[in-house]
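Topology and contacts: notes
The lines below spell out each chain.
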Amino acid sequence: MRRILLTPENEQAVKSLEGRFPSPLHVRKTLTETTEARTKDGIVRVALACNVIPTAFHKLAYELWKNVNELPDNRPAAVGSASLPRIMDDGMLSGRKGVPKQTLRVLRKQGSAQGILGYLDATQSQACHRTPLTKRHPEMLEGNERLIKLVDELYRFYRPDSYARQRVEIEKVPMWRLWQTVFSTIYLARNFRTAYHFDSGNFKGVMTALMPMGTFTGGELVLPRWGLAIGFRPGDVLFFDSTEILHGNQPFQGSRLSAAYYCERDIADCGK
Ligand SMILES: [Fe+2]
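Sequence positions are assigned chain by chain, starting from 1 and proceeding in written order. Reporting of local features is limited, given that this is a predicted model, to residues whose pLDDT is at least 70; pairs of side-chain atoms are given and counted only at 80 or more, and all residues count toward the totals for whole chains, interfaces and linings.

Across the sheet, which stays open at both edges, the nine strands sit in the order β1-β3-β4-β13-β10-β15-β9-β7-β8 with mixed pairing between neighbours. Two strands bound the open sheet, and with one partner strand each, they are β1 (2-5) and β8 (129-130). At least two DSSP bridges between two strands are required for those strands to pair. Only runs of H or I of at least four residues qualify as helices and only runs of E of at least two qualify as strands under DSSP, and these elements are numbered from the N terminus. Inspection of the sheet shows strand β9 (residues 185-190) paired to strand β15 (residues 252-262) by six bridges, in the antiparallel sense. Residue pairing across strands places Thr 185 opposite Tyr 262, the latter belonging to β15. Here the contact rule is simple: place C-beta atoms from the backbone, and any two residues whose C-beta atoms are within 7 Å are in contact. Interaxial angle, 0 to 180 degrees, is taken between N-to-C directions of lines fitted to C-alpha atoms, where a helix line uses only the stretch in contact. Sheet contacts for helix α7 (residues 145-158): β4 (44-49), β10 (208-218), β13 (237-240) and β15; angle to β13, the most-contacted strand, approximately 50°.

At Asn 51, a position not held by glycine, the phi torsion is positive, near 55°. Considering the arrangement of structural elements, one finds Asn 51 in the loop between β4 and α2 (55-65). Not every positive phi belongs to a glycine, and Trp 179 is a case in point at roughly 50°. Take Trp 179: it is sitting in the loop between α8 (160-170) and β9.

Here a nonpolar core is just a set of buried residues of the types Ala, Val, Leu, Ile, Met, Phe, Trp, Tyr and Cys, joined wherever their C-beta atoms sit within 7 Å. Partly exposed residues are those falling between the two cut-offs: more than 12 but fewer than 20 other C-beta atoms within 10 Å of their own, whereas 20 or more means buried and 12 or fewer means exposed, with C-beta atoms placed from the backbone. Membership of the largest hydrophobic core comes to 58 residues, with the highest contact counts inside it found for Val 151, Ala 209, Val 237, Leu 238 and Phe 239. By size, the runner-up hydrophobic cluster in this structure holds eight residues, among which are Val 79, Leu 107, Ala 195 and Tyr 196.

Okay, α2 next. Inspection of α2 places Phe 57, His 58, Ala 61 and Trp 65 among the buried residues, and these make up the whole buried set. In a view along the axis of α2, the buried residues occupy a sector of 90°, so they form one face of it. Structural note: α2 exposes Thr 55, Ala 56 and Glu 63 on the side pointing more than 90 degrees away from its buried face. Residues of α2 that are buried make contact with α6 (139-142), α7, β9, β10 and β15. The directions considered for the arc are those from the helix axis to the C-beta atoms.

Another aspect to go through is the sheet that holds strand β12 (residues 228-230). Sheets are built from strands that pair by backbone hydrogen bonding, the pairs being arranged parallel or antiparallel. Taken in spatial order, the four strands line up as β2-β12-β11-β14 in an open sheet, and their pairing is mixed. The two strands at the open ends of the sheet, each matched to only one other strand, are β2 (29-31) and β14 (248-249). As judged from the two bridges shared by strand β11 (residues 221-223) and β14, these two strands associate in the antiparallel manner. Following the sheet pairing, Leu 221 is matched in β14 by Asn 249.

Another point: the environment of Arg 136. Its location among the elements puts Arg 136 in helix α5 (residues 132-136). With 9 C-beta atoms packed within 10 Å, Arg 136 lands in the exposed category. Between the C-alpha atom of Arg 136 and that of Tyr 155, which follows or precedes it by 19 residues, the distance is 28 Å.

This brings us to the pairing of β15. Within a regular strand, the side chains alternate between the two sheet faces. Where β10 meets β15, ten bridges bridge the pair, whose relative direction is antiparallel. Looking at β15, one finds that Leu 210 is bridged to Ala 260.

Attention shifts here to the environment of Gly 271. Note that Gly 271 resides in the segment after β15. Judged by the 11 C-beta atoms lying within 10 Å of it, Gly 271 falls in the exposed class. Linking Gly 271 and Met 175, residues 96 residues apart in sequence, is a C-alpha distance of 8.5 Å. In this view, Gly 271 contacts Lys 172 and Val 173; residues no more than four positions away in its chain are not counted.

What follows is the structure, encoded as structure tokens:
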């Protein structure tokens, strides 16, 4: 495995990028082969594993997952729109923030959609639950059991320390995970080029496993903090802490689906 050292960019400049789209100017280095990247404190921040998912697995996943159809209306930073208060029918400002309708129309036109499989932790308005998409389409999970278990094994192999912390957390609530894995949830995004954002619902201090599928060119994931781009392809899996590291995609052509395997932040509370 290739090992590289990550060097930070200007931190203030990087912070101001949230909600904006990646540009080639933010990239000094692009990873396209199996690599482990550390910062100088010795911590592994990024692990890219290439050609580790059999073609039959990611092709089947693409077929089973490509019809997700929810609009990403709850992710203003990721869609690159300001998080503005919504205007209610009576013209008053709603307390809720979200993605403006005009932006949603553009996203719908370009076929952008999302879906969530597995379990979600509790919010103020909802108890812990299996997602409606999973209830409607159980085959989306069941048809990919071998793939999901493989991604779990890869996570354990490539990032054992992070994996162990996540396992301790999820084993507090064994009913709220996907089979015997450390994942409670899989987030799916179709033809969705994200602006720079942090993932917010994931358990902190561990890693998310990110896997692209489909037939496309481009779509590199840019981590501006280190001027790094991940040129990953179907068959590859990327591990990084998506709650702590700002990330977004370069444009792509073709059909691209991406799956993020993670553990919900407060999943352990579901056992209470
Ligand atoms: Fe993300």
